[in-house]
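Observations on the model geometry
Residues per chain, in single letters:
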Amino acid sequence: MRIGYPCVNEAMDCSSGNTFRLASYSEERLIAAVTANLACLRRMLEWNVAQGLLFFRIGSSIVPFGSHPINTYSWQTHFAADFRAIGDYIKANNLRVSFHPDQFVVLNSPSPDIVQRSIQELVYQGSMLDLMGLDGTAKLQIHVGGLYGEREQAMIRFAQVHATLPEAVKARVVVENDDRLYPLRDCLELHQLTGVPILFDNFHHECLNHGEPMAEALRLAAATWHPTADGVPMMDYSSQALGERKGKHTDDLVDERFREFLTHLHGHDFDVMLEIKNKEASALRAVAILRELGLSAAAPDIPSPPLTLPAVPKARRVAKAVG
DNA sequence: CCCTGTCAAGAATCA
DNA sequence: TGATTCTTGACAGGG
């Protein structure tokens, strides 16, 4: 079992999401942003390895406007060596990475333009994994999409578009149950239609389900992953923020909820992405809990117990703190 | 320096 | 039809 967190490390002084406004697009700015983003990504992965965090979701804007027509720069060629070096590091350290294209990727939209843009975004993000030299176990995680007042028809559209995806993309796409529109049962139906693996989200399942107990839901989702082609099933973990709107994630890992969740696994292995506001801090606690239970897998020998590195405050914060 | 409106992209909900 | 929410940070312009 690997533990991960998404996109941002709050204890570090760099971001892999440097970007700029479309209106100020220039090749110079693009190159500067990608250079900085890849350097930071590398540093975050190294930090993660040192802490025993072997799963990581890479942010979508490593290459600003990566699928936008304005971006005609051949970044794939220009940064090929950098991507490859990062991929080598990932493989050498038994890391696993993924992407989660955001809400604008909607494969089942009735609009052909939206579908086309969505595919281009998947091609962009998938090509980064290709450039890293990673196999099909590095995934692109998306939701089913909209309902449009016709659930079955909308699901069929997803399947039809899925069938047309470039093979390189299709091998990486996984679909996640969401908390409002498409629960696990619909994802299972889509798996039947397309073979797409299901990335299970426990919290979304708590919000929207057909009565499947957690342990059963985990078993059903895990069974949609091909052991070698897809790898260990991935899942997102979070829990309800008490006293907040339904569906709101907690700011911090609730240890007892996490321990309780682990009891439902019954020996199924998952790589777990913690969708919790304080990012790596919670991920470190999760690792500690797993070690305590003897469930921590992947990393051979992790040295010292996880410690919280002193945060290097962002420039902004320094200014505030000082005066 | 600081504050704040706005940002490529979608969809559902509600007024 | 239009504003709001999801979800979130940070860019960028103006004070």
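It should be noted that the structure appears before, not after, this text.
Below you will find a few notes about this structure. (Residues numbered from 1 in each chain as written. Chains lettered and ligands numbered in written order. Predicted model: local features only at pLDDT ≥ 70, side-chain atom pairs only at ≥ 80, totals over all residues. Heavy atoms only, no water.)

Looking at the sheet that holds strand β7 (residues 234-237)
Strands pair in a sheet through their backbones, by hydrogen bonds, and they do so in one of two ways: parallel or antiparallel. Taking strand neighbours around the barrel as the criterion, the eight strands line up as β1-β2-β3-β4-β5-β6-β7-β8 in a closed arrangement whose pairing is parallel. Between one strand axis and the next, the sheet turns through 30° on average, direction left out of account. Examined bridge by bridge, strand β6 (residues 198-201) and β7 share two bridges and lie parallel to one another. The residue bridging Phe-200 from the neighbouring strand is Met-235, located in β7. Packing against the sheet, helix α7 (residues 184-194) makes contact with β5 (173-176) and β6, and its axis sits at approximately 170° to β6. (Pairing = 2+ DSSP bridges. Helix = DSSP H or I, 4+ residues; strand = E, 2+ residues; numbered from the N terminus. Axes fitted to C-alpha atoms, helices over the stretch in contact; angles between N-to-C directions. Contact = heavy atoms within 4.5 Å.)

Considerations on the side chain of Asp-186
The topology assignment puts Asp-186 in helix α7. Judged by relative accessible area, Asp-186 falls into the buried class, the value being 5%. Excluding its chain neighbours within four sequence positions, the residues that come into contact with Asp-186 are Arg-151, Met-155 and Leu-181. (Buried < 20%, exposed > 50% of the residue type's maximum accessible area, 1.4 Å probe, protein only.)

Some words on helix α4 (residues 112-131)
Helix length check: α4, at 20 residues, gives a terminal C-alpha distance of 28 Å against a target of 28 Å (1.5 Å per residue), a fit within 8%. Among the residues of α4, Val-115, Ser-118, Ile-119, Glu-121, Leu-122, Tyr-124, Gln-125, Gly-126, Ser-127, Met-128, Leu-129 and Leu-131 are the ones counted as buried. Directly beyond the C-terminal end of α4, a positive phi value near 75° is found at Gly-133. (Expected span 1.5 Å × (residues − 1).)

So, the packing of helix α5 (residues 151-164) against α7
Two measures define how a pair of helices packs: the angle their axes make with one another and the distance between the axes. The interhelical angle for the contact between α5 and α7, taken along N-to-C directions, is 40°, at an axis separation of 10 Å. The angle between α5 and α7 falls in the class oblique. At the point where α5 passes α7, the crossing takes the right-handed sense. Touching Arg-151, Glu-152, Met-155, Phe-158, Ala-159 and His-162 of α5 are Asp-186, Glu-189, Leu-190, Leu-193 and Thr-194, all from α7. Of the residues that constitute the contact of α5 with α7, the class distribution is five nonpolar, two polar and four charged. (Parallel < 35°, antiparallel > 145°, perpendicular 65-115°, else oblique. Left-handed = near helix turned anticlockwise from the far one by under 90°. Nonpolar A, V, L, I, M, F, W, Y, C, P; charged D, E, K, R; others polar.)

A look at the pattern of salt bridges
One pass over the full model with this rule turns up 17 salt bridges. Lys-170 is the partner of Glu-167 in a salt bridge, and the nearest nitrogen-oxygen pair spans 3.3 Å. Within this pair, Glu-167 and its partner Lys-170 are both found in helix α6 (residues 167-170), separated by three residues, close to a single helical turn. Among the ionic contacts, a cluster of salt bridges with common partners joins Arg-2, Arg-96 and Asp-271. (Salt bridge = Lys/Arg side-chain N within 4 Å of Asp/Glu carboxyl O.)

So, unusual backbone geometry
Positive phi values are uncommon outside glycine, yet Phe-65 reaches one of about 55°. As for its position among the elements, Phe-65 is in the loop between β2 (55-58) and α2 (75-78). Unlike most non-glycine residues, Lys-279 shows phi in positive territory, near 45°. Position of Lys-279 relative to the elements: it lies in the loop between β8 (271-274) and α11 (280-293).

A word on the protein's contact with DNA strand C
If you check the shell around DNA strand C, you find Thr-19, Phe-20, Arg-21, Ser-24, Arg-29, Gln-103, Arg-245 and Gly-247 and nothing else. A share of 74% of the atoms of DNA strand C within 4 Å of the protein falls on sugar and phosphate groups. Ser-24 places a side-chain nitrogen or oxygen 2.6 Å from a phosphate oxygen of DNA strand C. With respect to DNA strand C, the side chain of Arg-29 contributes an N or O atom lying 2.9 Å from a phosphate oxygen. Partitioned by chemical class, the residues of the surface near DNA strand C number one nonpolar, four polar and three charged. (Near = heavy atom within 4 Å. Polar contact = N/O pair within 3.5 Å; in protein donor to acceptor, adjacent residues only side chain to side chain.)

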